[in-house]
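# Structure at a glance
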Amino acid sequence: MFSRWSFTSTSRHGEPSSHHRDERRHRSRHRDPARERRRIDLVDLDGALTNRDLLNIGLKESWGLEHVADVLKKRYPGGVQHIPGDAEIQFFWVDKRVDGDEIPLGASSLLYRVLEAGDNGALRIIWRGAKLKLRKHQIEIITREVAAGRSVGSIRETTANILRACNETKGHLVKNANQVMIEAAGGLRSGPLEGNNWEVRKVQTWLCRYLIIDVVPADDYFVLQGFNEEYIWHKPYHNSHGYADVYRLRHWLKGKVLTTIYISKPHRRGIDIEDIRLVYRGKPVKKHNHIRPGEAIDFDVPRVVEDRFIRAEAWLVPISETCIVCSDEKRVSEMPNKRKITASCEHDSSICKECVGSWIASSMDTVTWDRLKCPECPQLLKYENVRAFATREIFERYDALAAKAFLSNIPDFVWCLNTRCNSGQIHPEGCERARCHVCKHSLCVRHKVPWHKGETCGEYERRTRKQRKNDMASEKHVKEITKPCPGCNRNVHKYTGCDHVTCICGHEWCWLCFGGYYRDDHDFLQCHHTRQCRYHDNPPNYEGGRAFMPFLNVGGRGPPPPPPPLFAGGGPPRERRAEAAPQAGPGNRPPGPHPHIQNADFVDFFLRRHMDRNPFDPNININLVRPHQGNPMGPDFFEEALLFNLGHLMQRAERDR
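Let me sum up the structure you'll find in this document. These figures come from a predicted structure and were not determined experimentally. Residues take numbers from 1 onward in each chain, read along the sequence in its written order. Reporting of local features is limited, given that this is a predicted model, to residues whose pLDDT is at least 70; pairs of side-chain atoms are given and counted only at 80 or more, and all residues count toward the totals for whole chains, interfaces and linings. Computation of side-chain values covers all heavy atoms of the structure but excludes hydrogens and water.

## Things to note about the sheet that holds strand β13 (residues 283–284)
To be explicit about the condition: Strands are labelled as partners when DSSP assigns at least two bridges between them. Runs of H or I in DSSP of at least four residues are treated as helices and runs of E of at least two as strands, each being numbered from the N terminus. Pairs of residues are marked as contacts when any of their non-hydrogen atoms sit within 4.5 Å. Axis angles are defined between N-to-C directions and span 0 to 180 degrees, where every axis is a line fitted to C-alpha atoms and, for a helix, only to the segment in contact.
One open sheet holds the 5 strands; their spatial order is β11-β10-β14-β12-β13, and the pairing between them is mixed. One side of each edge strand has no neighbouring strand; the edge strands of this open sheet are β11 (229–234) and β13. Note: strand β12 (residues 277–280) against β13, 2 bridges, orientation antiparallel. When the sheet's bridge partners are listed, Y280 is paired in β13 with K283. Packed on one face of the sheet, helix α6 (residues 246–258) meets β10 (221–226), β11, β12 and β14 (296–300) and runs near 110° to β11.

So this is what it looks like as structure tokens:
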């Protein structure tokens, strides 16, 4: 009968009593954490090859790193994961090696690497190609190339050449060096090395020591170009039709390149996938573009993202360029994209981005905003060029000027006349009084003055009639002493100097005939003078020669230009009297052709152009030398005098430097 009763609990329904529950809760609340063992995670840096999984162990207060190493050796006594007893175990915390035996305080996990006896920890190459062979001595060649500091692209080329040479029957499988995939195994950043300009041995900063080399098929990669560099995506994702997936291309750029080149942790903030612009064959890439694998695609990102990425990538990219302006050594990513400052430039730029930005900043103070030119050629800078090189302050100033110029071209747009307001608005035709929607300032649209309160426009005109007459007289006088620039129609006043005028807008023109100046194929200054201009038949001496040294045109490239006519009237020249040939003597030079200038007509033109006058005076006409006068000094003497003066000027320049 008593077997039906249970005595394990004093409460009803067979539940433990509340007294016992409170007692257990009381004991757990007062547990001493100092007596609890500290636990830590141990992660093998080369776990991708050794297959050692994460290990969580408890630490005693007296333990150091030697005790942790002993635990690892006991945990892996044999098999593939075996750690020999004489092996050295290196420990790392975050991305730094831990020196000494003390375990870092606050470390919840430690990284470790096992170095067996005789292992110096250098980078190792592992060949994974299945269809192609790479022998041991060839792997050693690649290893030496890596140790010498070669780039990823250079290692790809070396590997591709070796594979073609040692696999004669299968060499056709390696059509392009970009098929070679170099992958970092283990470390803080395992995975393929995408940048062709990256220095391979720098992966040791990521605590990587194994490089796996493989070859992918010819149609199993994409080349993405940006910042003067190439980034290779091997084994990409294809859509159902075998073309590139645009969204995944952008996602790969963000997740594998733009945010993972940092030394410690990836930075994924500040980059939106929609900000990555792709261009294929000069046209923006749309969602349904058909791009086959193996093709090259250009990409562009906002200026802020580009600058941040170039600074973060600097430790991976070696210095290989020199700026001709600042003479500093630069990386290829610090030079203008595609070596072009503007798309119209026909030269490769040798100026770094920073110096181009300084050029734009200084040019903004000397020329108008829309006349900014390339520092190496006369090509004008466009809006996207200024945005790519100028600093934020300079670009904001440029952008404001461009916006004002655009709005000013709208016929009915009127700027607010309040000096403290930079706003404006469109007013329909016939409106006399307008009110700014920002500062509420009123103005007269008809007269472009602040609103004349208490007066109509007719009354205002009668009251200011005398003032307007004075203004008209001033405008008339300005027109009399100035000439309008053919380029921008601004009034230009020339009070001194030559007739070659350069307006603030950048247009160069002749003061007499308004003909435009230009540079010919030899970079010589020329002008389209009208027939009525006095320079049409007798050009000034600064035309047809270098702008900074006119007389250097004598020994220019190619055949010398034909001399201008000596007689503008077109009549035949008078015959010269025959003179007796000079007799050879101790003070005379033997007659003969000039050693450098073989054209006698050109020698005569050269002497008449430069003798007995200042060659730098633009107001002296070249035909003023009388042709019948003899030349007491021959061409050799004059050329020697020019060379002497040039040498003297160069010595002074070197002395003053």
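## Observations regarding α6
Filter applied, for reference: Think of it in three bands: residues with accessible area under 20% of the maximum for their type are buried, residues over 50% are exposed, and the middle band is partly exposed, with areas taken using a 1.4 Å probe on protein chains only. Throughout this description, a polar contact denotes any pair of N or O atoms lying within 3.5 Å of each other; where both atoms belong to protein, one of them has to be capable of donating a hydrogen while the other can accept it, and for residues adjacent in sequence the pair is counted only when both atoms sit in side chains.
Residues of α6 that are buried include every one of V246, L249, R250, W252, L253, K254, G255, V257 and L258, and no others. Contacts made by the buried residues of α6 are with β10, β11, β12, β14 and α7 (303–313). Its side-chain oxygen placed 3.2 Å from the backbone nitrogen of Y247, D245 serves as the N-cap of α6.

## A look at the sheet that holds strand β4 (residues 96–97)
Strands belonging to one sheet form pairs held by backbone hydrogen bonds; the direction of such a pair is parallel or antiparallel. Taken together, the 5 strands give an open sheet; going across it, the order is β2-β1-β5-β3-β4, and neighbouring strands pair in mixed fashion. One side of each edge strand has no neighbouring strand; the edge strands of this open sheet are β2 (55–59) and β4. As paired elements, strand β1 (residues 38–44) and strand β5 (residues 109–115) share 4 bridges and run parallel to each other. Residue pairing for β5: D41 is matched across the bridge by S109.

## Description of the pairing of β1
The pairing of β1 with β2 spans 5 bridges and is classified as antiparallel. Looking across to β2, one finds that R39 is bridged to G58.

## Concerning helix α5 (residues 152–166)
To keep it simple, the criterion reads: Expected span of a helix: the number of residues minus one, times 1.5 Å.
The terminal C-alpha atoms of α5, which comprises 15 residues, lie 21 Å apart, in line with the 21 Å expected from a rise of 1.5 Å per residue. V152, G153, I155, R156, T158, T159, A160, I162, L163 and C166 are the residues of α5 that are buried.

## Notes on the pattern of salt bridges
So the rule is basically this: By convention in these notes, a salt bridge is any Lys or Arg side-chain nitrogen within 4 Å of a carboxyl oxygen on Asp or Glu.
Following the criterion strictly, the structure yields 21 salt bridges and no others. Taking the shortest distance from any N to any O, the salt bridge between R113 and D46 comes out at 3.0 Å. Note that R113 is positioned in strand β5 and D46 in the loop between β1 and α2 (47–50), a separation of 67 residues in sequence. We note that R113, like D46, is buried.

## Let's talk about the state of the cysteines
Note the following rule: To count as a disulfide, a pair of cysteine sulfur atoms needs to be within 2.5 Å.
As enumerated under the stated definition, the model contains 0 disulfides in all. Unpaired in this structure, C436 has its nearest cysteine sulfur neighbour in C439, at a distance of 3.7 Å. Classification of C436 as buried rests on a relative accessible area of 4%. Cysteine C533 is unpaired, with the sulfur of C513 as its nearest cysteine sulfur at 3.7 Å.

## As for unusual backbone geometry
At L207, a position not held by glycine, the phi torsion is positive, near 65°. Structurally, the position occupied by L207 is in the loop between β8 (191–192) and β9 (210–215). Classification of L207 by relative accessible area gives buried; the value is 8%. We note that F227 has phi near 60°; this positive angle belongs to a residue other than glycine. In this structure, F227 sits in the loop between β10 and β11.

## Thoughts on the packing of aromatic side chains
Worth spelling out the cut-off: Working definition: rings of Phe, Tyr and Trp (its six-membered ring) pair if their centres are within 6.5 Å, and the pair is stacked with planes under 30 degrees apart, edge-to-face with planes over 60 apart, and tilted otherwise.
A full pass over the atoms with the stated rule returns 14 aromatic pairs. Ring centres of F227 and F299 lie 5.3 Å apart, and the angle between their planes is 90°; this geometry places the pair in the edge-to-face category. Of the two residues, F227 sits in the loop between β10 and β11 while F299 sits in strand β14, which places them 72 residues apart along the sequence. A relative accessible area of 6% means that F299 is categorised as buried.

## Description of the packing of helix α4 (residues 136–147) against α5
Heads up, the condition is: In these notes the angle categories are as follows: under 35 degrees is roughly parallel, over 145 is roughly antiparallel, 65 to 115 is roughly perpendicular, and the rest is oblique. The hand of a helix crossing depends on one turn: near helix anticlockwise from the far one by less than a right angle means left-handed, and clockwise means right-handed. Put simply, Ala, Val, Leu, Ile, Met, Phe, Trp, Tyr, Cys and Pro go in the nonpolar bin, Asp, Glu, Lys and Arg in the charged bin, and everything else, Gly too, in the polar bin.
The N-to-C vectors of α4 and α5 enclose an angle of 165°; their axes lie 10 Å apart at closest approach. It follows from the interaxial angle that α4 and α5 lie roughly antiparallel. Remark: the crossing between α4 and α5 carries right-handed chirality. Packed against α4, whose contacting residues are Q138, I141, I142, E145 and V146, the element α5 presents I155, T158, T159, I162 and C166 at the interface. Of the residues contributing to the contact of α4 with α5, the split by class is 6 nonpolar, 3 polar and 1 charged.

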